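What follows is the residue order along each chain.
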Amino acid sequence: MDTLSYKTVSANKATVKKQWLLVDAEGQTLGRLASKVATILRGKNKPNFTPHVDCGDNVIVINAEKVQLTGNKWDQKTYIRHTGYPGGQRSLTANELKAKNPAAVVEKAVKGMLPKNKLGADLFRNLKVYAGAEHQHEAQKPTTINLNDLK
């Protein structure tokens with residue numbers, strides 16, 4: 001029999017090569033930035049992507065306070081949470097959340113685009129967000145990438 005045989009290669013924790021990537025959020029639109037970062041965290045941009053394995057890279061996002069929202073979303077977008085008690089629903093606008101913690105705006109956007117399971121929680125730990133231009137991961141020698149070049 002003269003047939004070609006290909007085996008599907010499934011990545012695992014030992015065969016995955018993780019990198020550290022640096023993303024500058026200055027001037028980026030929040031949703032577009034978050035979807036690209038979530039894709040990188042998940043590893044969907046790699047040829048050896050495996051759905052049930054953490055095969056994505058570690059991502060450092062700097063200048064989170066300079067991210068942009070279109071339209072009137074700074075005043076109209078609300079982040080809702082619940083304390084667990086009756087009548088305990090609390091909400092913040094995007095402006096109020098940015099004033100309190102600028103990094104949380106980017107973190108919430110990316111976390112919402114990751115799987116809602118244990119793998120998603122593990123992937124979220126690979127994200128580091130900083131409000132300013134300084135970060136504490138120089139020892140990892142992160143590679144700077146431009147999100148506008150990604151499709």
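Residues numbered from 1 in each chain as written. Predicted model: local features only at pLDDT ≥ 70, side-chain atom pairs only at ≥ 80, totals over all residues. Heavy atoms only, no water.

**Q** I'm lost on the overall build of the chain in this one. Help?
**A** Each helix and strand counted, the chain has five helices and six strands in total. Reading the chain from its N end, one meets helices and strands in the order β-α-β-α-β-β-α-α-α-β-β. Seen along its three principal axes, the alpha-carbon backbone of the chain occupies a region of about 70 × 40 × 30 Å. Expressed as a percentage of contacts within the chain between residues at least 6 apart in sequence, the contacts between residues at least 24 apart total 68%. As displayed, the chain offers around 10,000 Å² of accessible surface, 50% of which is attributable to carbon and sulfur atoms. A gap of 8 Å separates the mean positions of the 24 positive and 13 negative side-chain charges of the chain. (Helix = DSSP H or I, 4+ residues; strand = E, 2+ residues; numbered from the N terminus. Contact = heavy atoms within 4.5 Å. Areas by Shrake-Rupley, 256 points an atom, 1.4 Å probe, with all protein chains shown as cover. Lys, Arg positive; Asp, Glu negative; His and termini not counted. Charge placed at Lys NZ, Arg CZ, Asp CG, Glu CD.)

**Q** Even after reading the chapter, I still don't get the packing of aromatic side chains, so can you show me in this structure?
**A** Each aromatic ring pair is described using two quantities: the centre-to-centre distance and the angle formed by the ring planes. For the structure on display, the rule yields zero aromatic pairs. The ring of W74 is capped by K98, whose NZ or CZ atom sits 4.6 Å from the centre of that ring. The lysine or arginine in question, K111, covers the ring of F124, its NZ or CZ lying 4.8 Å from the ring centre. (Phe/Tyr/Trp six-rings, centres within 6.5 Å; stacked < 30°, edge-to-face > 60°. Lys NZ or Arg CZ within 6 Å of the ring centre and 35° of its normal.)

**Q** I tried to follow helix α4 (residues 102–111) on my own but got confused; where do I start?
**A** Side chains that are three or four residues apart share a direction in an α-helix, a result of its 3.6 residues per turn. Within α4, seven of the 10 residues are buried, which leaves it mostly tucked inside the rest of the structure. Among the structural elements, α1 (30–42), β2 (58–62), β3 (78–82), α3 (94–100) and β5 (127–129) are those in contact with the buried residues of α4. (Buried < 20%, exposed > 50% of the residue type's maximum accessible area, 1.4 Å probe, protein only.)

**Q** Please explain the side chain of K46 as it appears in this structure.
**A** If you trace the backbone, K46 turns up in the loop between α1 and β2. Within the structure, the side chain of K46 is placed 3.3 Å from the backbone oxygen of C55, a separation counted as a polar contact. In this structure, K46 is in contact with K17, K18, C55, G56 and D57, ignoring residues within four places of it in sequence. (Polar contact = N/O pair within 3.5 Å; in protein donor to acceptor, adjacent residues only side chain to side chain.)

**Q** Looking at this structure, how should I read the sheet that holds β5?
**A** Strand pairing within a sheet occurs via backbone hydrogen bonds; the two strands may be parallel or antiparallel. Reading across from one edge, β5-β2-β1-β6 is the order of the four strands in this open sheet, with parallel pairing throughout. Two strands lie at the open edges of the sheet, namely β5 and β6 (143–145), each paired on one side alone. The average undirected angle you get between the axes of adjacent strands in this sheet is 25°. (Pairing = 2+ DSSP bridges. Axes fitted to C-alpha atoms, helices over the stretch in contact; angles between N-to-C directions.)

**Q** For this particular structure, what's the right way to read the packing of α1 against α4?
**A** Between two packed helices, the angle of one axis relative to the other and the distance separating the axes together describe the packing. Two elements in contact, α1 and α4, have axes whose closest approach is 8 Å; the angle formed by their N-to-C orientations is 60°. Relative to α4, the element α1 lies oblique. The two elements α1 and α4 meet at a crossing, and its hand is right-handed. Two secondary-structure elements touch here, α1 through L30, L33, A34, V37, A38 and L41 and α4 through V105, V106, A109 and V110. (Parallel < 35°, antiparallel > 145°, perpendicular 65-115°, else oblique. Left-handed = near helix turned anticlockwise from the far one by under 90°.)

**Q** Mind showing me how you'd approach the side chain of N63 here?
**A** Considering the arrangement of structural elements, one finds N63 in the loop between β2 and α2 (73–76). What makes N63 buried here is its relative accessible area of 5%. A polar side-chain atom of N63 sits 3.4 Å from the main-chain amide nitrogen of A133. In contact with N63, not counting residues within four places along its chain, are D24, A25, E26, Y130, A131, G132 and A133.

Keep in mind that these numbers describe shape and distance, not what the molecule does.
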